[in-house]
Amino acid sequence: MKRTLSLLLTAALSLSLLAGCGPKNPPAKGSSSSVPDPVSSSGSGQTGSSADQSAPVSNVPALKFMALSGPTGVGAAWLMDNYSAENAFDGMPFTLESTIVTDNEEVKNALFNGDTDIAAVATNVAATLYAKSDGAIQVLAVNTLGVLYILEKGNTVHSMADLAGKTLYAPSNTKGANPEHILNHLLEGNGVDPSEVNIQWITPQEITVKLTTADAGICMLPVPAATALMVQDSGVRQAVSLSEAWEDLEGSALPMGCVVARTEFLENSSPELIEAFIDLYGDSISFMSDEGAAPLVVKFGILPNEKVAEKAIPQCSLTFITGQEMRKTLEDYYSILFQVEPKSIGGGLPYDSFYYGVG
C-alpha cells in the first residue's frame, strides 16, 4: 500500500523537530542552504554577522541507512540521492547517511552494533535477525518481490515441470540458502522430485561461461546476473520467472526484499519521522520503477553499468507493501519456508512485534 508524503505531513514534522519534539537522539546538522536568507528561514530569529556568511540549514535528524547491492537496494537510490546531507534543504524531515555493501553479514553486523538505523535486506535475513537478536529489529515494508529466473539457451523449458530430467546450473553461493529452498519447493509443487534434476552448483562466472560457450544450457540466476547474461548472449532467454511460478502455485507473492529498522531507533524516534521515511521510500520506489532510473543505481554502485541496469530494473520486481498487507505477505512466505527449512528464518515464525505499525 503506497502512501505519498503530503505537504501537511512535511510541515508538521518540520515544526515538531524545531519545537524539540523530534527524535530523542541529537539530530545532525544539515549542510549550507542555497536559498536566500537561510538564517531567517530557519526560524532561529538570529542574524548573520556579515552578508556573505552562510548559515546551516535547520537541524534535522541524520538517519544511517544501509543496503545490499543488487535488487534489494535499487528502490532506495532516488531517496539516497535526494535526501543526502549534500542536498539538504531547510525543512527537510531527515538526511540519509547511506552505505552500499555486498555482503549480508555486513548489514547484520551493522544492525547488531547500531552502526546503521535502517537497512534494506533479504526477507529471510530479516526474520533470522529478529530471532537471533530477541526482537532488536522490526520490518517496515516489503520492497522487492522475487528476482530469481530460470534461463535457457534453447527452447525446451517453459515451466518448472519441464526441468525434470534436465541439467540445471545454479550459483554455488545459494546452495543451502533461500534460493535453493524456493527452487525445491517449486519443483515439488509442480510434480518434480528435486532428485530428478541434475543441479550443478557452480559460480555465477562459471555459469556464464557454460551458457555462452555452448549451444544449449539451463541455469538459475538472480538479477542482475541473469540480466547481464542475457545482455552478453542474445541466445539466452528468460524461460521461467520463479516469482510467477510461486504465485501460480501459492496464490501469493514471493517477497524477497524488505526494509527493517532497529527497534531501539524506532522507540527513540518520533512517529512523524518514521512515517516520513516510509512515505518517501515509497516515492523512491515509484521513481525507480520508471524509465530513466538507471544512472542512479550505477552512481551508488547498486548495479554494475547502465546497459545492464536499464534491463535489470524492470526485472527487480520493485514493490512497496506496508501495514497489514505486508504482514500477510510475509507470514504466508515465512510459513512455507518454515515447513521447508525452519533454520532459513531463524527457527520459528516471527512474533507480532516484528511487524512495524501493525497491531
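Residues numbered from 1 in each chain as written. Predicted model: local features only at pLDDT ≥ 70, side-chain atom pairs only at ≥ 80, totals over all residues. Heavy atoms only, no water.

Visitor: Would you mind going over the packing of aromatic side chains with me for this structure?
Guide: To describe a pair of aromatic rings, one takes the distance between the centres and the angle between the planes. Summed over all chains, the structure comprises 14 aromatic pairs. On the basis of an interplanar angle of 35° and a centroid distance of 5.5 Å, the ring pair of Tyr 83 and Phe 94 is categorised as tilted. Taken as a pair, Tyr 83 in the loop between helix H4 (77–82) and strand S2 (95–101) and Phe 94 in the loop between H4 and S2 lie far apart in primary sequence, 11 residues in all. Like Phe 94, Tyr 83 is buried. With a centroid separation of 5.9 Å and 10° between ring planes, the pair formed by Tyr 281 and Phe 320 is classed as stacked. Note that Tyr 281 is positioned in helix H12 (residues 271–288) and Phe 320 in strand S11 (residues 318–321), a separation of 39 residues in sequence. Its relative accessible area of 7% is what places Phe 320 among the buried residues. Through pairs of rings, three or more aromatic residues link up here, namely Phe 65, Trp 78, Tyr 83, Phe 89, Phe 94, Phe 277, Tyr 281, Phe 287 and Phe 320. (Phe/Tyr/Trp six-rings, centres within 6.5 Å; stacked < 30°, edge-to-face > 60°. Helix = DSSP H or I, 4+ residues; strand = E, 2+ residues; numbered from the N terminus. Buried < 20%, exposed > 50% of the residue type's maximum accessible area, 1.4 Å probe, protein only.)

Visitor: Even after reading the chapter, I still don't get the sheet that holds strand S1 (residues 62–68), so can you show me in this structure?
Guide: Pairing between sheet strands relies on hydrogen bonds along the backbone, with the strands arranged either parallel or antiparallel. In spatial order, the strands read S2-S1-S3-S10-S4-S11; together these six strands make up an open sheet with mixed pairing. Each edge of the sheet is formed by a strand with only one pairing partner; in this case those strands are S2 and S11. Strand-to-strand, the axes of this sheet are offset by a mean angle of 25°, without reference to chain direction. Relative to S11, strand S4 (residues 137–145) runs antiparallel, the two sharing two bridges. Note that in S11 the partner of Thr 144 across the bridge is Leu 318. This element, H12, spans S1, S2, strand S3 (118–122), S4, strand S10 (255–262) and S11 of the sheet and lies at about 155° to S11. (Pairing = 2+ DSSP bridges. Axes fitted to C-alpha atoms, helices over the stretch in contact; angles between N-to-C directions. Contact = heavy atoms within 4.5 Å.)

Visitor: Can you walk me through the layout of surface pockets in this structure?
Guide: To find the voids left in a structure, one rolls a probe of water-molecule size over its atoms. The space that makes up the largest pocket amounts to roughly 1200 Å³. Taken together, 45 residues line the largest pocket, and the ones lying closest to its centre are Asn 104, Asn 173, Thr 174, Pro 179 and Pro 222. When residues of the lining of the largest pocket are assigned to their parent elements, the largest contribution, five residues, is made by helix H6 (residues 123–132). A per-class count over the lining of the largest pocket returns 21 nonpolar, 19 polar and five charged. (1 Å grid on protein atoms, 1.4 Å probe; cavity = no way out; pocket = protein on both sides within 12 Å on 5 of 7 lines; lining within 4 Å. Points joined across faces, edges and corners; volume = space filled by probe spheres on them. Nonpolar A, V, L, I, M, F, W, Y, C, P; charged D, E, K, R; others polar.)

Visitor: Teacher, can you tell me more about the pattern of salt bridges here?
Guide: Two side chains that carry opposite charge are able to pair once their charged atoms sit near each other. As enumerated under the stated definition, the model contains 10 salt bridges in all. Between Lys 108 and Glu 105 there is a salt bridge whose closest N-O contact spans 3.2 Å. You can see Lys 108 and its partner Glu 105 sitting in helix H5 (residues 104–113), three residues apart, about one turn around the helix. Among the residues examined, Lys 108 registers a relative accessible area of 18% and is labelled buried. If you follow the salt bridges from partner to partner, you end up with Asp 117, Arg 262 and Glu 264 in one network. (Salt bridge = Lys/Arg side-chain N within 4 Å of Asp/Glu carboxyl O.)

Visitor: What should I look at first to understand the nonpolar core in this one?
Guide: Soluble, globular proteins show a tendency: their nonpolar side chains are buried together. If you look at the biggest cluster of nonpolar residues, it comprises 112 residues, and the most contacted ones within it are Phe 65, Phe 94, Ile 150, Met 160, Phe 277 and Tyr 281. Top element by residues in this core is H12. It accounts for nine residues. Leave out the neighbours within four places in its chain, and Phe 277 touches Leu 63, Phe 65, Leu 79, Phe 94, Leu 96, Ile 118, Leu 140 and Val 259. (Core = buried A, V, L, I, M, F, W, Y, C linked by side-chain atoms within 4.5 Å.)

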